[in-house]
Amino acid sequence: MWVLLRSGYPLRILLPLRGAWMGRRGLPRSFAPGPPRRRYRKEALPALEAPVLPVTTTEIRQYLRARGIPFQDGHSCLRAPSPFVGASKLKDQTGAATSFSLFIDKTTGRFLCMTTLAEGSWEDFQASVEGQGDGAREGVLLSEAPEAEDSEEVRRIWDRAIPLWELPEPEEAQLARMMFGLTKVTDDTLKRFSVRYLRPACRLVFPWFSPGGLGLRGLKLLGAETQGGGVQYVETTIPRPGAYHNLFGLPLISRRDVEVVLTSRELDSLALSQSTGLPTLALPRGTACLPPALLPYLEQFRRVVLWLGNDLRSWEAAKLFARKLNPKRCSLVRPGDQQPSPLEALNQGLNLSRILRTALPAWHKSIVSFRQLREEVLGELSNVEQAAGVRWSRFPDLNRLLKGHRKGELTVFTGPTGSGKTTFISEYALDLCTQGVNTLWGSFEISNVRLARVMLTQFAVGRLEEQLDKYDEWADRFEDLPLYFMTFHGQQSIRTVIDTMQHAVYVYDICHVVIDNLQFMMGHEQLSTDRIAAQDYIVGAFRKFATDSSCHVTLVIHPRKEDDDKELQTASIFGSAKASQEADNVLILQDRKLVTGPGKRYLQVSKNRFDGDVGVFPLEFNKSSLTFSIPPKSKARLKKIKDDNGLVAKKPSSGKKGAMPQISDTCSNQARNPNQPDFSKPSR
Ligand SMILES: Nc1ncnc2c1ncn2[C@@H]1O[C@H](COP(=O)(O)OP(=O)(O)OP(=O)(O)O)[C@@H](O)[C@H]1O
């Protein structure tokens, strides 16, 4: 089930498999065409012994020049003649257009030939240029052809789906339009985008055509469910989401188009195209990611406007995607009352062209004035909940203290040896991952297999050893999580680790990296002064990465050796004060003094730069599910902390309403704590 990427980066990815317990593609069984079958994975690609160093744009250029290969500089790719196109095909009727049909990603070196759809890594490209084709010329590297089973299913669904306006009952058509908010979208628009409706499943069907409109590569099905007064959309794709690379609307783009509006939903693209007449494309997985494989298709545009949605998450995603697309050509539509999503704007009778004109340039110089920031500050103030980040679903007390998990922050986590740090951090990260936080794990101490076993047990909240018949069911669901693992084990250089993290952010839009633990990057320094200097350097590198990549880093650091019966404090983190100074959050897993029963631990938040609230709450370890999340009936709750030297509140406050410490019940971690290192102004 594990597939090792061929990019040369030590990452393993989990590819999703469909759940066999429900109709495939998430369709109700009765509507799922054909019996549910389990798909088997192709053999995993071989692991590379030594990770290949990442390639830089300069090296790519140098290589092309040295080989006499002409190239053009693009926004995110270099364009060159494709070695995969036969000489006879190099020129089409219009001349040079196909002669530079190879797109090489400037960041990763991956290539895509637009004519033959051959694709591969930078090493594959070099091998084919140097004549050790590895099958590239023969087409082995042709982009993954749809599995026969998929194409059959795609065809079957497509053939059964009909245009909305061909529905025999006008009431049914009206209901479907209302369900999807399409009352103002015309038949003509639906026709241009080839949208159909699958009656038995009540789903809209968006097609994915091969470039050149030659065949159907896949489909997206969209269902609408009413939930608490609002409508909840459910998406299913064929093939699975990781392989669904459809830029919906691509067949309508002309080669001469130089401007495009990117949306996060097909429905938004329909609305935009209809009311502005502009070229528009919908991203295949909304705000979750922008796979680099799509970048070549966006190279032709001199201007890209991102209008992804009406919440802060869409705004964050737009900023991240603009970095990949080259911010100099990107403009972003800011979410706001008067700037909802395009479909909503159409339904509210707003002028979409006018909204597009308000798009802000994504790129600005290193120095900005408040004028440029004021809208962003307003966005944060008017969306306080969202600005606080993603909330944990299993750790409500962590939400009360930290308010949420935010991008670009550094969390340092410590606890005594063997206290359960890995086990806790695994559940803490899993919780976020199940809510769509794209996560990368660097587990240097325990193998990925062991870690995945712990996570899967926590995911299933129970021992799977005793219910192996349920294994596939849980494993299938687990595979659908946006979860990736670095394949490092044991000592590693910080450079290689950071390079891999940067690659993962670019390729998989990773928002959270967990490093367990920092000691594995410190080399074999013997002298304690060297070790402390090495740690300071590493902490600085992670801090910079978190800020620059707008990615949260959770860093596990062992405590320094102290008396066994002493509580840990912020200052107990191994090394100098640098780690706690640079960290936005410091979490300590306490297993001393307060232990009242077997397996009992406490989690202490001893630094919180977001709003200063610190405190401690109990964790109850469940040995069979390996989880720490507090059982719902637990009475022991959040406690006050007097200072960093100890926990004052021995008596748990009652779990009754109103007894929960509010912000004033917890104390700010900074000015009030003279014993703590100075947290003021780290260099960022
Ligand atoms: N609260 C707990 N009570 C009892 N056992 C626990 C508790 N938490 C974790 N364990 C178990 O203790 C073992 C060690 O846990 P874990 O590896 O998470 O600790 P750690 O703090 O990361 O260790 P290290 O210091 O070696 O990195 C695991 O088998 C885990 O299931």
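Residues numbered from 1 in each chain as written. Predicted model: local features only at pLDDT ≥ 70, side-chain atom pairs only at ≥ 80, totals over all residues. Heavy atoms only, no water.

### A closer look at the overall build of the protein chain
Within the protein chain, the regular secondary structure consists of 19 helices and 25 strands. Counting only residues that meet the buried cut, the protein chain has 53% of its 684 residues in that class. In the protein chain, the share of contacts with a sequence separation of at least 24, taken over all contacts with a separation of at least 6, comes to 66%. Surface summary for the protein chain: the accessible area is close to 31000 Å², and the carbon and sulfur share equals 52%. (Helix = DSSP H or I, 4+ residues; strand = E, 2+ residues; numbered from the N terminus. Buried < 20%, exposed > 50% of the residue type's maximum accessible area, 1.4 Å probe, protein only. Contact = heavy atoms within 4.5 Å. Areas by Shrake-Rupley, 256 points an atom, 1.4 Å probe, with all protein chains shown as cover.)

### Describing the nonpolar core
Buried together is how nonpolar side chains tend to be arranged in soluble globular proteins. Formed by 68 residues in total, the largest nonpolar core has its most connected members in L306, M501, V513, I515 and F542. At 9 residues, helix α17 (residues 494-508) tops the list of elements feeding residues into this core. Leaving out residues up to four positions away in the same chain, L306 has contacts with L262, A318, F321, A322, L325, C330, S331, L332 and V333. Listed in part, the 38 residues of the second largest apolar core include L401, L451, L456 and L589. (Core = buried A, V, L, I, M, F, W, Y, C linked by side-chain atoms within 4.5 Å.)

### Side note on the confidence of the model for the protein chain
Confidence along the protein chain averages 78 in pLDDT terms, with 75% of residues attaining 70 or more. Low confidence marks residues 133-143, where pLDDT is under 50. Its contacts with residues over four positions away, or in another chain, come to 25 contacts. The complex prediction reports pTM at 0.70, with the ipTM value standing at 0.94. (pLDDT = per-residue confidence, 0-100.)

### Considerations on the packing of aromatic side chains
Considering all chains together, one arrives at 20 aromatic pairs under this definition. Between F424 and Y428, the ring centres sit 6.0 Å apart and the planes meet at 40°, which makes this aromatic pair tilted. Of this pair, F424 and Y428 both sit in helix α14 (residues 421-433), 4 residues apart, which is roughly one turn of the helix. As far as burial versus exposure is concerned, F424 and Y428 are alike and both buried. Centroid distance Y484 to Y508: 4.3 Å. Interplanar angle 25°. Geometry classified as stacked. With a gap of 24 residues between them, Y484 in strand β19 (residues 483-486) and Y508 in helix α17 connect regions that are remote in the sequence. Residue class for Y484 comes out buried when judged on its relative accessible area of 11%. One aromatic cluster in this structure is built from W392, F395, F413, F424, Y428, F621 and F628. Stacked on the ring of Y506, the Lys or Arg K324 has its end atom at 5.5 Å from the ring centre. Of note, R406 hangs over the ring of F610, and the distance from its end group to the ring centre comes to 3.8 Å. (Phe/Tyr/Trp six-rings, centres within 6.5 Å; stacked < 30°, edge-to-face > 60°. Lys NZ or Arg CZ within 6 Å of the ring centre and 35° of its normal.)

### Some thoughts on the packing of α14 against helix α15 (residues 448-460)
The description of two packed helices rests on the angle between their axes and on the distance between the axes. Contact pair α14 / α15: the axes reach a minimum separation of 10 Å and the direction vectors enclose 60°. One element, α14, and the other, α15, form an angle in the oblique class. Considering how the two elements wind past one another, α14 and α15 form a crossing that is right-handed. Between α14, through T422, T423, S426, E427 and L430, and α15, the contact on the second element is made entirely by L451, V454, M455, Q458 and F459. Its residues assigned to classes, the contact of α14 with α15 comprises 5 nonpolar, 4 polar and 1 charged. (Axes fitted to C-alpha atoms, helices over the stretch in contact; angles between N-to-C directions. Parallel < 35°, antiparallel > 145°, perpendicular 65-115°, else oblique. Left-handed = near helix turned anticlockwise from the far one by under 90°. Nonpolar A, V, L, I, M, F, W, Y, C, P; charged D, E, K, R; others polar.)

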